[in-house]
Amino acid sequence: MVSSLVRRRFLALRIVKPGMIIDQAILDRAGRVLIARKTQLTDFHIESLKFMGINGIYIREGEEDEEDAKLHQETPLPEALQRKYDEVKVDDRAKVTLSESVRKRVAEGVQYLYQDTQSADFTEATKSITEDLMKAISDNEAIAVDISALKVSDEYTFKHSVDVATMSMIVAKRYGLDEKQVYEIGIAGLLHDIGKSQIPAELLNKAGKLSESEFAFMKQHTLFGYRILVDKQELSQDIKLGVLQHHEKIDGSGYPVGLVSEKISLFAKIISVADIYDALVTERPYKAAFSPRDAVETIMAMTGELDFEAMKCFLESVILYPVGTTVELSNGERAKVIENSPHYVLRPKVMGIKTGRIYDLGSDLKCANIIIL
């Protein structure tokens, strides 16, 4: 919870003044940060935003109260409760982790791909990045992913590409695909938005609603991506279709063609779920970030649009509340997560911080009316 003295509000750019604090990052089309979040704006910043076609931004007002900040710092458990917590906690399923050297190498590699899609070693660079991710999954014997722990870059395009690639690989493993397919879906996930390298920055970063013509052009990024890859013989057709079709929906409401379920490639069906989740939980110039819980609930409501088996495998692969996380329950108690279940991603088992009471939110009917806020 943030102090009531701090608030975030959206302002039309025409009324933004120098000295105001921006509460979002402004990125270029390659995902590089042009204006960092919490920057004090100058006339130059404001003119640059106008030039990019951004019509409004989020502004941060007020200051965080020091006492309020202290209230929400992590409080150590009393010794007796700490002993109980250590006895009852169950470590999370093995998750993907990236070393600092791998994070740096992957971030630089993705940046290179988006800067020069016609490079002679484009395919080799793509494969090298995917091999790094594949090795991280293999070394950790990972069967789950905690997106908050993956972060390779503050730059959206690069982070999003790596998130989607990694999630897609984990989901593909859960789905039962073989090692070659898991590797190839990693490549497809890494390149799924490569077509956005051909979209103007002012359109990618527009804060307001896109016009019909702008949205129609934006949707062509899947076609642009396919055209970038179509002549690269070293990449399989499965990879290329994953990039082309990742915005198709099983009810025919997607794009670029409006295919129905049986016509959509399996790679695209898996990448679609990972892409939607990561896009929802990430703040962009035109929207605030969803909480992980709200993002999962949104995906669960899309059963008519997303492949059910791909959705099920995704939900069983993502960890929203890692063991040790402190959460607030709807009954007013704060609690620590002690165990996750792949079948109840929104409802882990937790222990009350003050009472030591165990709440099995997924299986105990007595806890049916308690949710994590």
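Given the structure is predicted, the values throughout are model-derived calculations rather than measurements.

(A) Quick peek at the overall build of the protein. Looking only at helices and strands, the protein has 14 helices and 9 strands in total. Its C-alpha atoms give the protein a radius of gyration of 22 Å, near enough to 21 Å, the size a compact globule of 373 residues would have. Considering only C-alpha atoms, the protein reaches an extent of 65 × 55 × 40 Å along its principal axes. Looking at the 373 residues of the protein, the share that counts as buried comes to 50%. For the protein, the share of sequence-separated contacts (at least 6 apart) that also reach a separation of at least 24 residues comes to 65%. For the protein, the accessible area works out to roughly 17,900 Å², and carbon and sulfur atoms hold 51% of it. The distance from the centre of the 48 positive side-chain charges to the centre of the 57 negative ones in the protein is 3 Å.

(B) Representation of helix H11 (residues 237–245) in the model. Burial in H11 covers these residues: Ile239, Lys240, Gly242, Val243, Leu244 and Gln245. On its buried side, H11 packs onto helix H7 (179–191), helix H10 (221–229) and helix H12 (266–280).

(C) Spotlight on the packing of H11 against H12. Between H11 and H12, the shortest axis-to-axis distance is 8 Å and the interhelical angle comes to 45 degrees. By the angle class used here, H11 and H12 are oblique. Considering only the axes of H11 and H12, their crossing is right-handed. Here H11 contributes Asp238, Ile239, Leu241, Gly242 and Gln245 to the contact with H12, which in turn contributes Phe267, Ala268 and Ile271. Looking at the contact of H11 with H12 residue by residue, the class counts come to 5 nonpolar, 2 polar and 1 charged.

(D) Layout of the environment of Gly252. By secondary structure assignment, the location of Gly252 is in the loop between H11 and H12. Filtering out sequence-adjacent residues up to four positions away, Gly252 remains in contact with Gly258, Leu259 and Val260.

(E) How the structure looks around the sheet that holds strand S6 (residues 326–328). Strands sit in the order S6-S7-S8-S9 across an open sheet of 4 strands; the sheet is antiparallel. Bordering the open sheet on either side are S6 and strand S9 (358–360), each of which pairs with just one other strand. Strand after strand, the sheet turns through a mean of 40 degrees between neighbouring axes, direction not considered.

(F) Up close: the side chain of Ser317. Its location among the elements puts Ser317 in the loop between helix H14 (308–315) and S6. A relative accessible area of 1% means that Ser317 is categorised as buried. Ser317 has contacts with Arg93, Ile143, Ala144, Val145, Ile170, Val171 and Arg174, leaving out every residue within four places of it along the chain.

Procedures and definitions
- Residues numbered from 1 in each chain as written.
- Predicted model: local features only at pLDDT ≥ 70, side-chain atom pairs only at ≥ 80, totals over all residues.
- Heavy atoms only, no water.
- Helix = DSSP H or I, 4+ residues; strand = E, 2+ residues; numbered from the N terminus.
- Rg over C-alpha atoms; globule rule 2.2 N^0.38 Å.
- Buried < 20%, exposed > 50% of the residue type's maximum accessible area, 1.4 Å probe, protein only.
- Contact = heavy atoms within 4.5 Å.
- Areas by Shrake-Rupley, 256 points an atom, 1.4 Å probe, with all protein chains shown as cover.
- Lys, Arg positive; Asp, Glu negative; His and termini not counted.
- Charge placed at Lys NZ, Arg CZ, Asp CG, Glu CD.
- Axes fitted to C-alpha atoms, helices over the stretch in contact; angles between N-to-C directions.
- Parallel < 35°, antiparallel > 145°, perpendicular 65-115°, else oblique.
- Left-handed = near helix turned anticlockwise from the far one by under 90°.
- Nonpolar A, V, L, I, M, F, W, Y, C, P; charged D, E, K, R; others polar.
- Pairing = 2+ DSSP bridges.

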